[in-house]
Amino acid sequence: MIPGDLPADPHLTPALTPAWPERAAWGTAPSLRAWQTAALKDYLDRMPRDFLAVATPGAGKTTFALSVASELIGRRIVDRVVVVAPTEHLKMQWAEAAARAGIPIDPTYSAGKGKISSDYLGIAVTYAGVAVNPLALRIRTERFKTLVILDEVHHAGDALSWGEGVREAFEPAAKRLALTGTPFRSDINPIPFVTYAPGSDGVPRSVADYTYGYGHALSDHVVRPVLFLAYSGEMSWRTRAGDEVAARLGEPLTKDMTNQALRTALDPTGSWIPTVLAAADKRLNEVRRHVPDAGGLVIATDQDSARAYAKTLRSITGEAPTVVLSDEKAASKKITEFTTSDKRWMVAVRMVSEGVDVPRLAVGVFATTISTPLFFAQAIGRFVRARSRGETASIFLPSVPVLLGHASEMELERDHVLGRRVIDETDIYAAENDLLAQAQAGESASSELEGLPFEALGSEATFDHVLYEGDAYGSEEEMDFLGIPGLLEPSQMKELLQQRQADSARVQKARSAARQAAPDTVAEVSTHEQLAVLRRELNGLVGAWHHRTGQAHGITHAALRKECGGPAAAVANAEQLRARIDRVREWAVRKSG
């Protein structure tokens, strides 16, 4: 089927080519998914020059965009298609998807290359490539009636030259279709061809023409539910001043201490990483019992760590994992080979964090210090692409408040905020005040811990809790969670977790009653073990409280210290911990009532 043969009636559901259903989830082939049909109808009814579609990673933005392109080409509204993607690998991925949709595009085109073969209806370029020679692409855009597809359009704001290049090159385009799974950015660089409108607080925010969030996609069985397994543990490191510091990952710490505790946990020479990788591989074994080709991905901070993690995985599994490094020429080929194979593990730095389509990924290890909401959302998006009903994604991550917060807020829909509201027009220092506030936010009382050299001395990993749909579930038996079946409906998953939590609570209650009945007997566990169990329970409850009320973890801990007493930096004994746990539960009951 060629593009001109596609139905022109916007009220009809376009049929997909024979190869296309392979990209669709259970129950969606051979037609477009409901959200894609609705978005396509909205587009064709209004025929806007600019259209921003925000859809959660894994929902099928590529299929929607190519369906729009087919309609516009078939109606002779456009003659050519230009796809702009963040990476070289994604250019190739777009070319393959477009070929299956009957739209041949050239992914090898470079600005200034001149004419392309008449076999192609379009080209694929990167944002960096556009910035190199925007004038050449502008001339090409002016020569033909062009549809420009801006994939992951938030990247157009990554650098000033990228945004300016995109705007200059594609300002004359007949149609512009912007796609993103994460329209929010941590900076205030405006994204080209995106509409901004003041919110209720007067701050300009991006306005999407069509939005399809993770929560909606989950209810439609388009994406997988995600089970987060958080690991904490004791960390020790040496500062640049030569002082040795010990802290527990996940406990309330200053920003700098949290960052250095995280770096210690992710150090390949410690015990934290091998323990977590071994647990993740056990989870993958369980998933592969039901999904034989399920794969795992470890996202590392840098190339040295990636190679070290791969070596550890090989010793655990007996199989060499696929290692993908962004500066390797064969990186794209490695990803493609892994996608079509049944190999167990892939280790990558950032190349597989966004847009890359490896539907068989089911288990992940978030082993990077990059913790921005944008990066986290895109990284987790690699695991939510559903192929059959009941598949569940399992993500292992450090028990760090910022990451747990991102995990709890996966279903929130966000917009790109340009800047603060200026209440007084005479406030000419608004921008400077924002910059000052950002600079001060990076400072803390533990400034002596900043800077290099930094030396990790040792780490130990302990299972903390499971996070699912914003609720925390704790257990003394880690294998209870590693042994969860690989195929479960979201409602079944929630019921199973709640049942196991109730069973654990009954066991703890029975043990407590036994201790009270025999107060003179020797304690079953040592003091530090008892404190560790209580700390995990407290942190899990505070995380659940944050998800319910939106109150930050630090504020909750501070309020608990004020009401229950105890040192400001840590909890002194088990009695204080139990008092805080009881207090959180009282708040939850009052809030529910």
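Keep in mind it's a predicted model, so treat the numbers as computed, not measured.

Student: Please set out the overall build of the chain residue by residue, giving values where relevant.
Tutor: A tally of regular secondary structure across the chain gives 19 helices and 19 strands. Split into buried and exposed, the 593 residues of the chain put 49% on the buried side. Within the chain, contacts between residues separated by at least 24 positions form 74% of all contacts whose residues are at least 6 apart in sequence. Surface summary for the chain: the accessible area is close to 26300 Å², and the carbon and sulfur share equals 53%.

Student: Could you give an account of the environment of Arg578, with specific residues and numbers?
Tutor: Residue position: Arg578 is located in helix H19 (residues 574–592). The class for Arg578 is partly exposed, based on a relative accessible area of 34%. Residues Arg578 and Leu538, 40 residues apart in the sequence, show an inter-C-alpha distance of 8.3 Å.

Student: Residue-level account of unusual backbone geometry, with values.
Tutor: The phi dihedral of Glu152 falls on the positive side, at around 50 degrees, and the residue is not glycine. We classify Glu152 as buried; its relative accessible area is 3%. Phi at Phe193 takes a positive value of approximately 65 degrees, unusual for a residue other than glycine. Here Phe193 is to be found in the loop between strand E6 (175–180) and strand E7 (196–198).

Student: I'd like a rundown of the packing of helix H1 (residues 34–46) against helix H2 (residues 61–74), residues and numbers included.
Tutor: Close contact between H1 and H2 brings their axes to 10 Å; oriented N to C, the two are set at 35 degrees. Crossing angle aside, the handedness with which H1 passes H2 is right-handed. Contact residues: H1 offers Trp35, Gln36, Ala39, Leu40, Tyr43 and Leu44, while H2 offers Lys61, Thr63, Phe64, Ser67, Val68, Glu71 and Leu72. Of the residues assigned to the contact of H1 with H2, the class counts are 8 nonpolar, 3 polar and 2 charged.

Student: Give a detailed account of the pattern of salt bridges, specifying residues and quantitative values.
Tutor: Applying the stated criterion across every chain, the model contains 19 salt bridges. Note that Lys41 and Asp45 form a salt bridge whose closest N and O atoms lie 2.8 Å from each other. Placement of both Lys41 and Asp45 in helix H1 is noted, with a separation of 4 residues, approximately one turn of the helix. Note on Lys41: relative accessible area 32%, which makes it partly exposed. We classify Asp45 as partly exposed; its relative accessible area is 44%.

Student: Could you give an account of the sheet that holds E6, with specific residues and numbers?
Tutor: As summarised here, the arrangement of the 7 strands in space is E3-E4-E2-E5-E6-E1-E9, forming an open sheet in which the pairing is parallel. Each end of this open sheet is capped by a strand with a single partner; those strands are strand E3 (105–106) and strand E9 (210–212). Relative to strand E4 (residues 122–126), strand E2 (residues 80–85) is paired through 5 bridges, and the arrangement is parallel. Paired with Val82 across the strands is Ile123, a residue of E4.

Student: Explain the pairing of strand E16 (residues 393–398) to me, and be specific about the residues and the numbers.
Tutor: Burial of E16 is extensive: 6 of the 6 residues sit out of reach of the surface. Here E16 shows two buried faces, one formed by Ala393, Ile395 and Leu397 and the other by Ser394, Phe396 and Pro398. When strand E10 (residues 226–238) meets E16, the two strands line up parallel, connected through 6 bridges. The partner of Leu227 across the bridge, within E16, is Ser394. As paired strands, strand E15 (residues 361–367) and E16 are joined by 3 bridges and run parallel to one another.

Student: Before we move on, could you go through the nonpolar core and cite the residues and values that matter?
Tutor: Within the largest apolar cluster, 121 residues are counted, with the highest numbers of intra-cluster contacts made by Phe64, Tyr231, Trp272 and Phe396. Here Phe396 is in contact with Leu229, Tyr231, Val276, Ala279, Ala280, Arg283, Val363, Gly364, Val365, Phe366 and Leu482, once residues within four sequence places are set aside. Ranked by size, the runner-up nonpolar core spans 24 residues in total, among them Tyr127, Val130, Leu137 and Phe170.

Thresholds, definitions, all that
- Residues numbered from 1 in each chain as written.
- Predicted model: local features only at pLDDT ≥ 70, side-chain atom pairs only at ≥ 80, totals over all residues.
- Heavy atoms only, no water.
- Helix = DSSP H or I, 4+ residues; strand = E, 2+ residues; numbered from the N terminus.
- Buried < 20%, exposed > 50% of the residue type's maximum accessible area, 1.4 Å probe, protein only.
- Contact = heavy atoms within 4.5 Å.
- Areas by Shrake-Rupley, 256 points an atom, 1.4 Å probe, with all protein chains shown as cover.
- Axes fitted to C-alpha atoms, helices over the stretch in contact; angles between N-to-C directions.
- Left-handed = near helix turned anticlockwise from the far one by under 90°.
- Nonpolar A, V, L, I, M, F, W, Y, C, P; charged D, E, K, R; others polar.
- Salt bridge = Lys/Arg side-chain N within 4 Å of Asp/Glu carboxyl O.
- Pairing = 2+ DSSP bridges.
- Core = buried A, V, L, I, M, F, W, Y, C linked by side-chain atoms within 4.5 Å.

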